[in-house]
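# Coordinates in review
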Amino acid sequence: MTPGAQPWVDEQMLALLLDGTAAGVGVLDLDLRYAFVNAALARMNGVPAEDHIGRRIADVLPGFDAAEDELRALLRDGRPREITTSGQTRADSPHPTRYWYGVYHRMEHGGRPVGIAAVLVEVSETQHEHHELIRARERLEVFDAAMQRIGTTLDMDTTCVELADFALPLLGDMVAVDVFPKGHAEIGRGVVHGTLRMHRAALAYVPALRPVAEAVHQPGGPIDYQEGSAVHRGLASGAPVMDNFASQESMLRNAPNVGRLGPYLAAGVHSGLLVPLSARGHAIGTLTVLRAGDSPGFSAQDVVAAQELAGRAAVALDSAVHYTHEHAVALELQQALLNEPRGPHADVEIASRYRPAGASVLVGGDWFDAIALPGGRTLQVMGDVMGHGVAAAVAMSHYRSMLRALAAAHLPPHVILGRLDEMIAAAGFERAATCLLAVVDPAQGACTVANAGHLPPAAILEQGVRLLDVPAGPPLGTGVGGYESVVIPSWPGPVLLLYTDGLVERRGEDIDASLARLTALRLPRDASLDLLVDTILDELGSGAEDDIALMASRIRPEAWPPDRPLPPRRRRRPEGG
């Protein structure tokens with residue numbers, strides 16, 4: 001003991017200590033009634049110190065969780081406790097729920113328990129920050145899941161359905177996604193006048209709201225919004241519109257039209273939230289959420305969550321809009337080019353097909369052509385520009401035009417490919433292309449073929465489908481050249497088959513296995529060419545991941561002189577070719 005120190009601190013010194021600390025200090029008796037409260041605890045509770053004495057915690061603070069079970073256990077076992085309690089006291093606070101960290105120990109006199117000493121510090125700010133961090137992490141997890149489930153394809157309606165299905169359990173009892181028919185609308189800030197027509201792309205709802213769902217506009221059709229509705233106001237301002245409907249008039253003002261109010265009222269719909277879907281400065285549509293029955297009204301946190309979800313979904317929708325537009329333009333361009341009125345010589349019959357891979361893949365640069373040449377000859381072309389989209393379709397149109405110009409000079413196939421390769425390289429086109437040329441000459445009974453990096457042609461013979469051995473030079477656009485023409489005997493009966501890689505190639509499969517599926521087909525070569533190409537597409541086209549172009553040709557029997565024998569079944573290379 002320090003010399004001069006008192007063996008016990010007197011009551012005045014104890015009062016100065018307890019009243020001077022910012023921590024709340026209190027003493028509870030064996031019945032958990034207040035026996036002492038310092039000034040700090042009195043301020044925390046918003047009750048004068050003297051009004052605590054002799055009263056239980058619940059009597060002084062009805063909205064406070066006192067953890068009395070833990071306190072009684074402390075009296076029994078004497079083991080100190082650290083307890084976090086929560087609730088509200090009578091003191092003013094900016095927090096809807098307050099939190100205290102308390103240290104409690106049993107007080108004893110003469111070896112017997114006489115009460116509990118408690119020291120408390122308010123930790124509301126820290127606790128709310130902790131809760132907010134937890135909520136932020138949960139929101140990030142939710143929106144990470146949204147990014148995995150929304151926008152899995154580039155199809156706009158599919159993306160809208162994914163958005164509605166994801167938002168339903170997260171935000172409300174019914175979710176509708178409406179978009180502008182043309183994908184984008186130039187609606188900015190300001191008043192939106194008149195009836196607004198949109199396309200109902202998706203609708204999701206809980207079973208209890210099925211009667212409402214059956215009464216409202218269904219996906220796939222138009223929906224008209226009356227002037228002044230929540231949709232008008234949200235699109236005009238670019239901001240969410242939330243309304244926990246205080247009256248029937250309020251619901252009427254926000255509804256799409258007055259005729260649909262009855263089912264909403266009958267189902268107990270009481271709250272609505274509309275969030276615009278916009279990206280890159282364009283309005284794409286709206287996300288509407290309704291709550292009914294026992295579901296709570298919307299809060300500011302709900303609005304933030306809906307905005308975050310809508311913002312992420314809008315990016316996927318905008319990509320779908322741009323893709324849909326580009327896909328339509330590319331497909332229209334490609335179809336226009338493929339349908340130009342060119343045809344073979346009358347002595348050669350031809351059937352062709354073009355099949356886009358589907359809505360989830362951009363149109364590629366596949367093309368085919370048949371050009372009548374002098375002397376009854378026909379030049380058949382099958383090409384494939386690398387890449388997809390409008391750029392690939394435009395490049396295809398350039399290459400096709402160049403090839404037609406070269407074909408007018410009546411050059412051998414390998415010379416045409418060589419000059420086309422030089423022209424593409426000199427022009428600076430960035431997209432290479434494969435190309436297969438075949439000149440069918442019924443008068444000579446021959447088919448002369450040259451290949452620039454394309455898959456080999458095939459012949460449908462009596463014995464089945466056989467790949468033709470044609471050396472493949474480099475793709476067009478490399479400037480390397482080095483193409484070779486091969487002469488294959490030709491006569492009425494056999495069918496020459498040209499195709500692009502979408503017909504046979506499959507992801508992760510060796511090309512030899514892909515081509516083996518083609519040669520394994522058993523096709524009636526005497527059938528009509530239309531039936532043959534349709535049969536080939538039916539057999540091999542399912543599961544295609546790329547566009548398919550297919551062309552079948554055959555020398556007409558009447559083109560072959562009756563006194564002329566069929567040529568031998570062999571092939572030869574032309575000298576100097």
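Residues numbered from 1 in each chain as written. Predicted model: local features only at pLDDT ≥ 70, side-chain atom pairs only at ≥ 80, totals over all residues. Heavy atoms only, no water.

## With respect to the environment of Ala 267
Going by this rule: A run of H or I in DSSP counts as a helix once it spans at least four residues, and a run of E counts as a strand once it spans at least two, with each numbered from the N terminus. Only heavy atoms matter for contacts: two residues are in contact if any of them lie within 4.5 Å across the pair.
Relative to the elements of secondary structure, Ala 267 occurs in the loop between helix 10 (261–266) and strand 11 (269–279). With residues near it in sequence (within four places) discarded, Ala 267 still touches Leu 209, Val 212, Ala 292 and Gly 293.

## Some thoughts on unusual backbone geometry
Operational definition: Burial classes: relative accessible area under 20% of the type maximum marks a residue as buried, over 50% as exposed, and values in between as partly exposed (1.4 Å probe, protein chains only).
Residue Ala 67 is not a glycine yet carries a positive backbone phi of 55°. With respect to the element layout, Ala 67 can be found in the loop between strand 3 (64–65) and helix 4 (68–77). Located in the positive-phi region is His 410, a residue other than glycine, with phi close to 60°. By secondary structure assignment, the location of His 410 is in the loop between helix 12 (390–407) and helix 13 (413–427). A relative accessible area of 44% means that His 410 is categorised as partly exposed.

## Overview of the packing of aromatic side chains
Applied cut-off: The pairing test for Phe, Tyr and Trp rings, Trp by its six-membered ring, is centres within 6.5 Å, and the orientation test on the planes gives stacked under 30 degrees, edge-to-face over 60, and tilted for anything in between.
Counted under the stated rule, the structure contains two aromatic pairs. Relative to Phe 429, the ring of Tyr 399 has its centre 5.4 Å away and its plane inclined at 80°; by these criteria the two rings are edge-to-face. You can see Tyr 399 sitting in helix 12 and its partner Phe 429 sitting in the loop between helix 13 and strand 16 (433–441), a full 30 residues away along the chain. Under the relative-accessibility criterion, Phe 429 is labelled partly exposed at 28%.

## Some points on the pairing of strand 23 (residues 548–555)
We count it as follows: Only when DSSP finds a minimum of two bridges between them are two strands counted as paired.
Across the eight residues that make up strand 23, a large majority, eight, are buried. With burial as the criterion, each face of strand 23 is covered, one bearing Ile 548, Leu 550, Ala 552 and Arg 554 and the other bearing Ala 549, Met 551, Ser 553 and Ile 555. Bridge count for strand 22 (residues 495–499) against strand 23 is four bridges, and the pairing is antiparallel. The partner of Tyr 499 across the bridge, within strand 23, is Leu 550.

## Observations concerning the pattern of salt bridges
Defined as follows: Salt bridge, as applied in this entry: a Lys or Arg side-chain nitrogen positioned within 4 Å of an Asp or Glu carboxyl oxygen.
Counted under the stated rule, the structure contains 16 salt bridges. In this structure, Glu 349 and Arg 554 form a salt bridge, with 3.0 Å as the shortest nitrogen-oxygen distance. Of this pair, Glu 349 sits in strand 13 (residues 348–355) while Arg 554 sits in strand 23, and the two are 205 residues apart along the sequence. Shared partners join several salt bridges into a network, and the residues in it are Arg 56, Glu 68 and Arg 72.

## Describing the pairing of strand 8 (residues 196–205)
Extensive coverage of strand 8 is indicated by the burial of eight of its 10 residues. As defined by bridge partners, strand 7 (residues 174–179) adjoins strand 8 across six bridges and the pair is classed as antiparallel. Among the inter-strand pairings, Asp 178 is bridged to a residue of strand 8, identified as Arg 200. As paired elements, strand 8 and strand 9 (residues 222–225) share four bridges and run antiparallel to each other. Bridge pairing in strand 9 places His 199 opposite Pro 222.

## Observations regarding the sheet that holds strand 1 (residues 24–28)
Counted only if it meets this: Comment: axis = line fitted to C-alpha atoms, over the contacting stretch for helices; angle = value between 0 and 180 degrees taken between N-to-C directions.
Strand order in the open sheet formed by six strands is 2-1-6-5-4-3, and the pairing between neighbours is antiparallel. Whereas interior strands pair on both sides, the edge strands pair on one side only; in this sheet they are strand 2 (34–37) and strand 3. Direction of pairing for strand 5 (residues 98–109) relative to strand 6 (residues 112–122): antiparallel, over a ladder of 10 bridges. Residue pairing for strand 6: Met 107 is matched across the bridge by Gly 115. Each of strand 1, strand 4 (81–87), strand 5 and strand 6 touches helix 4; the most contacted strand, strand 5, lies at about 25° to it.

## Here we look at the nonpolar core
Taken as a class, soluble globular proteins show a tendency for nonpolar side chains to be buried jointly. Note the following rule: Throughout this description, the term nonpolar core refers to a set of buried Ala, Val, Leu, Ile, Met, Phe, Trp, Tyr and Cys residues connected via side-chain atoms within 4.5 Å.
Within the largest apolar cluster, 33 residues are counted, with the highest numbers of intra-cluster contacts made by Leu 163, Leu 171, Val 177, Leu 277 and Leu 287. Elements that contribute at least two residues to this core include exactly helix 6 (156–171), strand 7, strand 8, strand 11, strand 12 (282–292) and helix 11 (300–338). Ignoring sequence-local partners within four residues, the contact set of Leu 171 consists of Leu 287, Val 289, Arg 291, Phe 298, Asp 302, Ala 305, Ala 306 and Leu 309. Judged by nonpolar contacts, the second largest core, of 26 residues, contains Trp 367, Leu 373, Leu 379 and Leu 476.

## Overview of helix 14 (residues 511–519)
Note: α-helices contain 3.6 residues per turn, so residues at a spacing of three or four share the same orientation. To be explicit about the condition: Think of it as the arc spanned by the lines of direction from the helix axis to the C-beta atoms. Contacts described as polar in this section are N or O atom pairs within 3.5 Å, which, within protein, must combine one atom able to donate a hydrogen with one able to accept it, while residues neighboring in sequence count only if both atoms come from side chains.
For helix 14, the complete set of buried residues consists of Ser 514, Leu 515 and Leu 518. All buried residues of helix 14 project into a common sector of 90° when viewed along the axis, lining one side. As for helix 14, its buried residues are in contact with strand 18 (458–461), strand 19 (464–467), strand 22 and helix 15 (529–540). Sitting at the amino-terminal end of helix 14 is Asp 510, which places a side-chain oxygen 3.0 Å from the backbone nitrogen of Asp 512.

## Here we look at the environment of Ala 279
Residue position: Ala 279 is located in strand 11. Given a relative accessible area of 11%, Ala 279 falls into the buried group. Residues Ala 279 and Ala 314, spaced 35 residues apart in sequence, show a C-alpha to C-alpha distance of 5.9 Å. Apart from residues no more than four positions distant in its own chain, Ala 279 is found in contact with Ile 284, Ala 314, Val 315 and Asp 318.

## Some words on a nonpolar patch on the surface
As a reminder, the rule being used: Like charges are joined within 9 Å and nonpolar side chains (Val, Leu, Ile, Met, Phe, Trp, Tyr) within 5 Å, but only among residues with over 30% relative accessible area and no salt bridge; these make up the patches. For accessible areas, the Shrake-Rupley method is used with a probe of radius 1.4 Å. Any residue's cover is judged against the shown protein chains and nothing else.
A surface patch of nonpolar side chains, amounting to about 210 Å² of accessible area, comprises Tyr 101, Val 103 and Val 119. Residue class for Val 119 comes out partly exposed when judged on its relative accessible area of 38%.

## Quick word on the side chain of Thr 159
Within the element layout of this structure, Thr 159 appears in helix 6. Judged by its relative accessible area of 0%, Thr 159 falls in the buried class. Those residues in contact with Thr 159 that lie beyond four places of it in its chain are Ile 150, Gly 151, Thr 153, Ala 316 and Leu 317.

## Some words on the sheet that holds strand 23
Taking strand neighbours across the sheet as the criterion, the five strands line up as 13-23-22-18-19 in an open arrangement whose pairing is antiparallel. Each having just a single partner strand, strand 13 and strand 19 make up the two edges of the open sheet. On average, adjacent strands in this sheet sit at an angle of 20° to one another, irrespective of strand direction. In this structure, strand 13 lies alongside strand 23, joined through eight bridges in antiparallel fashion. Counted as the bridge partner of Arg 355 is Ile 548 from strand 23. Packed onto the sheet, helix 14 meets strand 18, strand 19 and strand 22 and runs at close to 145° relative to strand 19. Lying over the sheet, helix 15 contacts strand 13, strand 18, strand 22 and strand 23, oriented at roughly 30° with respect to strand 13.

By themselves these figures say nothing about function.
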